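An overview of the molecular structure
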Amino acid sequence: MSVHELRRKSGDSSEKITINLGVVDLGQIDLLVQEGFYSNRTDLIRTAIRNQLATHAEVVRETVTRKSFVLGLEHYSRENLEALQSAGEKLQIQVLGLASIADDVTPELARATIESVVVLGALHASKAVKAALADRIH
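Predicted, not measured: the structure shown is a model, and the values here were computed from it.

Here is what the cut-offs are and how they apply
- Residues numbered from 1 in each chain as written.
- Predicted model: local features only at pLDDT ≥ 70, side-chain atom pairs only at ≥ 80, totals over all residues.
- Heavy atoms only, no water.
- Helix = DSSP H or I, 4+ residues; strand = E, 2+ residues; numbered from the N terminus.
- Rg over C-alpha atoms; globule rule 2.2 N^0.38 Å.
- Buried < 20%, exposed > 50% of the residue type's maximum accessible area, 1.4 Å probe, protein only.
- Contact = heavy atoms within 4.5 Å.
- Areas by Shrake-Rupley, 256 points an atom, 1.4 Å probe, with all protein chains shown as cover.
- Pairing = 2+ DSSP bridges.
- Axes fitted to C-alpha atoms, helices over the stretch in contact; angles between N-to-C directions.
- Patch = residues over 30% accessible without salt bridge, like charges linked within 9 Å, V, L, I, M, F, W, Y side chains within 5 Å.
- Salt bridge = Lys/Arg side-chain N within 4 Å of Asp/Glu carboxyl O.
- pLDDT = per-residue confidence, 0-100.
- Expected span 1.5 Å × (residues − 1).
- Core = buried A, V, L, I, M, F, W, Y, C linked by side-chain atoms within 4.5 Å.
- Polar contact = N/O pair within 3.5 Å; in protein donor to acceptor, adjacent residues only side chain to side chain.

**Let's talk about the overall build of the protein**
Scanning the protein for helices and strands turns up six helices and three strands. The globule rule puts the C-alpha radius of gyration for 138 residues at 14 Å, and the 19 Å found for the protein is more than 25% above it. The buried share among the 138 residues of the protein stands at 28%. Within the protein, contacts between residues separated by at least 24 positions form 61% of all contacts whose residues are at least 6 apart in sequence. When the accessible area of the protein is evaluated, it comes to approximately 9,400 Å², of which 53% is carbon and sulfur surface.

Below, the structure is given as structure tokens:
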């Protein structure tokens, strides 16, 4: 039914975010970069985020288990959803990472087979499918 993948794939594995920092914090980051501790601002920020995620790794693991999240990549193909529809079943998508719905999935098929969507990370789907599922995305 799905593919679980934790390795990085170019183009699919990152999302751009924007953060606002105070000028003093930004200055300190620039100082550490200038002193050679990090290659650039992004390197420091990624390192800081990874360190915080490592610090809280156990909480993440427990929560993923408790809330029955799929960790990593979960892909839903047209064939997967058609099989669910034939079986009269509905899908509750719960992903920590990347959930992707194939481009050939119609909005009608998505609404008929997907009951709810909770994605902590990124959801890749056509604009039409996202619009069709808007009231089910939490």
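**Observations concerning the pairing of strand β2 (residues 91-101)**
Bridge analysis of strand β1 (residues 70-76) against β2 gives seven bridges, and the strand direction is parallel. The partner of His75 across the bridge, within β2, is Ser100. Summarising the sheet, β2 and strand β3 (residues 114-124) pair through ten bridges and their orientation is parallel. In the sheet register, Leu96 faces β3, and the bridge partner there is Leu120.

**A word on the sheet that holds β3**
An order of β1-β2-β3 is seen for the three strands of this open sheet, with the pairing classed as parallel. Each edge of the sheet is formed by a strand with only one pairing partner; in this case those strands are β1 and β3. On average, each strand axis in the sheet is tilted by 40° relative to the strand beside it, whichever way the strands run. In the packing of helix α4 (residues 78-87) onto the sheet, the strands contacted are β1, β2 and β3, and the crossing angle to β1 comes to about 85°.

**Structural notes on a nonpolar patch on the surface**
On the surface, Ile17, Ile19 and Leu21 cluster together into a nonpolar patch covering about 280 Å² of accessible area. Of note, Leu21 is situated in the segment before α1 (23-34).

**A few points about the confidence of the model for the protein**
Taken as a whole, the protein shows an average pLDDT of 91; of its residues, 91% reach a score of 70 or greater. Mean pLDDT values over the elements of the protein span from 91, in helix α3 (residues 57-66), up to 98, in helix α5 (residues 107-113). Per-residue pLDDT stays below 50 along residues 1-10; that stretch engages in 19 contacts with residues further than four places along the chain or on separate chains.

**With respect to α1**
The periodicity of an α-helix, 3.6 residues per turn, causes residues three or four places apart in sequence to face the same way. The terminal C-alpha atoms of α1, which comprises twelve residues, lie 16 Å apart, in line with the 16 Å expected from a rise of 1.5 Å per residue. Immediately beyond the C-terminal end of α1, within one or two residues, lies Gly36, with a positive phi of roughly 90°.

**Side note on the nonpolar core**
Core analysis: the largest hydrophobic core is formed by 20 residues, its most contacted members being Tyr76, Leu81, Ile93, Ile101, Val105 and Ile114. The leading source of residues in this core is β2, at five residues.

**Describing the side chain of Arg136**
Position of Arg136 among the secondary structure elements: in the segment after α6 (127-132). What makes Arg136 buried here is its relative accessible area of 15%. Of the polar contacts made by the side chain of Arg136, one reaches the backbone oxygen of Arg111; its length is 2.6 Å.

**Focus on the environment of Val23**
Inspection of the secondary structure assignment puts Val23 in helix α1. Placed 22 residues apart in sequence, Val23 and Ile45 show a C-alpha to C-alpha distance of 15 Å.

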